[in-house]
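Fold and geometry: a report
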Amino acid sequence: MAKKPYYITTAIAYASGKPHIGNTYEIVLADAIARYKRFVGYDVRFQTGTDEHGQKIETKAFENLSTPKEFVDEKAGEIKRIWDLMNTSYDKFIRTTDEDHEKQVQKIFRKLYDQGDIYKGEYEGMYCTPCESFWTPGQLKDGKCPDCGRDVHPAKEEAYFFKMSKYAPRLIEYIEKHPEFIQPESRKNEMVNTFLKPGLQDLCVSRTSFKWGIPVDFDPKHVVYVWIDALSNYITGLGYDVDGNSDEMYKKYWPADLHLIGKDILRFHTIYWPIMLMALDLPLPKQVFGHPWLIQSDGKMSKSRGNVLYADDMVDLFGVDAVRYFVLHEMPFENDGVVSWELLIERINSDLANTLGNLVNRTISMVNKYSGGVVNNAGVVEDVDADLKDSVRAFRIHVNECMEKLKCADALTEIFNIFRRLNKYIDETMPWVLGKDESKKDRLDTVLYNLVEGITIGASLLASFLPDTADKIVAQLCTEKRRVTELGSFGLYPSGNRVTDKPEILFARIDTEKMLDEIAVRFPSKEPEIPKSEKPVVVEKSEPDRVEAVVKEEITIEEFEKMQLQVGQILSCEEVPKSKKLLCSQVQIEGRVLQIVSGIKSYYSPEDMVGKKVVVITNLKPAKLAGIESQGMLLCAEDAEGKLSLLTTDRQDVPAGSMIS
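So, here's what we can say about the structure. What you see is a predicted model; the values in this text were computed from it and never measured.

**A short note on the sheet that holds strand β11 (residues 214-215)**
Overall, antiparallel pairing links the 3 strands, which are arranged β10-β12-β11 in an open sheet. Either end of the sheet is taken by a strand with one partner, and the two such strands are β10 (206-207) and β11.

**Some details on the side chain of R420**
Take R420: it is sitting in helix α15 (residues 408-429). With relative accessibility at 5%, the residue R420 sits in the buried group. Reaching out from R420, the side chain makes a polar contact with the side chain of N417 at a distance of 3.3 Å. Filtering out sequence-adjacent residues up to four positions away, R420 remains in contact with D351, T355, T413, S572, E607 and V610.

**Quick look at the packing of aromatic side chains**
If you walk through the whole model with that rule in mind, you get 25 aromatic pairs. Residues F162 and Y167 carry aromatic rings whose centres are separated by 6.4 Å and whose planes lie at 5° to one another, so their mutual orientation is stacked. Side by side, F162 and Y167 carry an identical accessibility label, which is buried. Geometrically, the ring pair formed by F318 and W341 is tilted, given 6.2 Å between the ring centres and 45° between the ring planes. You can see F318 sitting in helix α11 (residues 311-318) and its partner W341 sitting in helix α13 (residues 341-371), a full 23 residues away along the chain. Look at F318 and you get buried, because its relative accessible area is 12%. Accessibility expressed as a relative area gives 13% for W341, which makes it buried. These aromatic residues form a ring-pair network of at least three members: Y7, Y234, Y253, W254 and W273. Stacked on the ring of Y310, the Lys or Arg K18 has its end atom at 4.6 Å from the ring centre.

**Quick notes on the environment of F416**
With respect to the helices and strands, F416 occurs in helix α15. For the pair formed by F416 and D219, sequence separation is 197 residues and the distance between their alpha carbons is 58 Å. Excluding its chain neighbours within four sequence positions, the residues that come into contact with F416 are Y325, D351, L352, T355, L356 and L462.

**Quick word on the sheet that holds strand β6 (residues 133-135)**
Across the sheet, 4 strands lie side by side as β6-β5-β7-β9; this open sheet has antiparallel pairing. Since the sheet does not close on itself, it has two edges, and those belong to β6 and β9 (203-204), each with one partner.

**Some remarks on the nonpolar core**
Most often, soluble globular proteins have nonpolar side chains that are buried together. In this structure, I8, I21, I33, F318, L462, F465 and I473 are the most contacted members of the largest nonpolar core, which totals 101 residues. Top element by residues in this core is α13. It accounts for 14 residues. Setting aside anything within four residues of it in sequence, one finds F465 in contact with A32, R324, L328, M403, C408, A411, L412 and I415. The next biggest cluster of nonpolar side chains, apart from the first, holds 66 residues, and it includes L112, A168, Y174 and L200.

**Some words on helix α17 (residues 441-462)**
Compared with the 32 Å implied by 1.5 Å per residue over 22 residues, the 31 Å span of α17 between its first and last C-alpha is a close match. Of all 22 residues making up α17, 20 are buried, and the element is well covered by its neighbours.

**What to know about α15**
Each turn of an α-helix holds 3.6 residues, which means side chains three or four residues apart point in the same direction. Here α15 spans 32 Å end to end across 22 residues, near enough to the 32 Å set by a 1.5 Å rise per residue. Backbone geometry just downstream of α15 places M430 in the positive-phi region, at approximately 50°.

**Examining the pattern of salt bridges**
For the coordinates displayed, the defined rule picks out 42 salt bridges. In this structure, R421 engages D387 in a salt bridge whose closest nitrogen and oxygen atoms are separated by 2.5 Å. One end of the pair, R421, is in helix α15; the other, D387, is in helix α14 (residues 383-404), and 34 residues separate them in sequence. Between D471 and K481 there is a salt bridge whose closest N-O contact spans 2.6 Å. Taken together, the residues D471 in helix α18 (residues 467-476) and K481 in the loop between α18 and β18 (497-498) connect sequence positions 10 residues apart.

**Concerning the environment of K441**
By the element assignment, K441 lies in helix α17. For K441, a relative accessible area of 24% corresponds to the partly exposed category. Sequence separation between K441 and G357 is 84 residues; the distance between their C-alpha atoms is 26 Å.

**Notes on the pairing of strand β5 (residues 118-128)**
Taken residue by residue, a regular strand's side chains alternate between the two faces of the sheet. One ladder, built from 10 bridges, connects β5 with strand β7 (residues 153-162); its direction is antiparallel. What sits directly across from E124, in β7, is K156. Inspection of the sheet shows β5 paired to β6 by 3 bridges, in the antiparallel sense. Paired with M126 across the bridge in β6 is W135. Where β5 folds back on β6, the antiparallel hairpin that results is connected by 4 residues, among which E132 adopts a positive phi of roughly 55°.

What counts and what doesn't
- Residues numbered from 1 in each chain as written.
- Predicted model: local features only at pLDDT ≥ 70, side-chain atom pairs only at ≥ 80, totals over all residues.
- Heavy atoms only, no water.
- Pairing = 2+ DSSP bridges.
- Helix = DSSP H or I, 4+ residues; strand = E, 2+ residues; numbered from the N terminus.
- Buried < 20%, exposed > 50% of the residue type's maximum accessible area, 1.4 Å probe, protein only.
- Polar contact = N/O pair within 3.5 Å; in protein donor to acceptor, adjacent residues only side chain to side chain.
- Contact = heavy atoms within 4.5 Å.
- Phe/Tyr/Trp six-rings, centres within 6.5 Å; stacked < 30°, edge-to-face > 60°.
- Lys NZ or Arg CZ within 6 Å of the ring centre and 35° of its normal.
- Core = buried A, V, L, I, M, F, W, Y, C linked by side-chain atoms within 4.5 Å.
- Expected span 1.5 Å × (residues − 1).
- Salt bridge = Lys/Arg side-chain N within 4 Å of Asp/Glu carboxyl O.

Quick look at the structure:
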């Protein structure tokens, strides 16, 4: 049976400079989606590339004492190098300077002109050079470009225009009949209500003020403007031909299943591009997803501020899969994500080194220590095994549900929930205790088998997101990744198979202070320059917030000693269903695990909690909160505004279970 085709594209990167980590996020996200679609059985075509024409590039080439072609060759090579560095599995890297693309763009322009959709006129307005866009005075924001906020200048030139308004009613009808076309849905409302319904102006589609572009073949003093040139790459890259001699690739994969783009260029892809396709009498893409931005914790990335992060710098310090995990995990579905060195290090330590890396390493080590490296399913089953298997199956289903909705961050969380559940299983079954009793050998073998099987399933799902890490895991388990059709079963790992006798550390824990010191030396940030006409603002120091503590009745030392305070390590954490305040944590205290319910959901996410070393009252009488038993209490500090902060140890090497006195 033939596989169903699936065509996914990214926006083509503008070849004017090196892409930062926010730009790189898009190609990594597209790669994760493409890999997952292949995993579940689609015949995937994944296209990316570079947009290489325009006045901005012509100007930069002049400033760099090179020709525009030499300039874009260098920049396109740099972009492709970073895409390859991030291990992205694209099938086609298109450049708008490709000869076959340029030829089809000229033919598209002529066809639209011949049928009366393009006409010659004159444009006069305010022009933004970085955006290469004309604006009317009413469209400006505070006298600046409404897209980028930069200065504009008056400009007037002869140009060809595309009759956008002719197709606007048809596009509105299409969007209303296809609610899945623009995602997330909030962006659909913006396009329809802000741009389409108020009325579209005809679109300038040629320029005469610069030469670096595709010439209009019947009027060579004009070059085709970015809209037709860049947007048509999605069909020219498949071998589309205006004259009807399109390649079989085009017939197989068009219309695109997904255009993945940044939210800032949504208007071009959901208004300009569909109208062009309608004018060409071609099918519209099935879905356009405008993803949010990945921004610095101190604001949008800016070279002038010295706060731009580049993927290759991050990879050099932490490795490809650590960076892939971070950008995929930290980006919400609709809202902007935040990137910082501190947050990246925290995620590597808590999720990759602790939750995943430590799980794989200690599982293989226990198989070698207790079973001579042989994984044997002895079939000695207890109730906890069934719960583990049910949990793994449920998380697997959730992963697919998330990916169907393009919620990659949520899908990654579900995969790591498998690894968190396996860590919890270790604490529930305590293999180190079973290993001391020869009569429990078969039970120990079963526990270790279940761990290896669960890790194999998790690694198979992880492969779309962290491909190298998934390969390393199954290689150490001496097995192969599962096919999607095999993931419904638990117990396919061959009993009697042998794991490696030298487990590799997948992700080493990072000393945060030392790493931040190294980063500060390697990538010193710049303070924003203050114009000479402006004086620095002096901020007066204020008194620190005072907390009015409630004075309680005195107690004796004997009464205090009744409380057992210990250090605990949070192994896993999840939200309590139907509760706005509660989180339920599994906290390791020496050889036991306490379940503790805490009202701290407003201040910590479940992901934030995992791995923390916290202060716990461990001899508190169990109580039920929201129907869930809580077996202890996490201690917190409360400020003047009632905000809570967990009491944690300042050293991560303090063992769980250490007494506090």
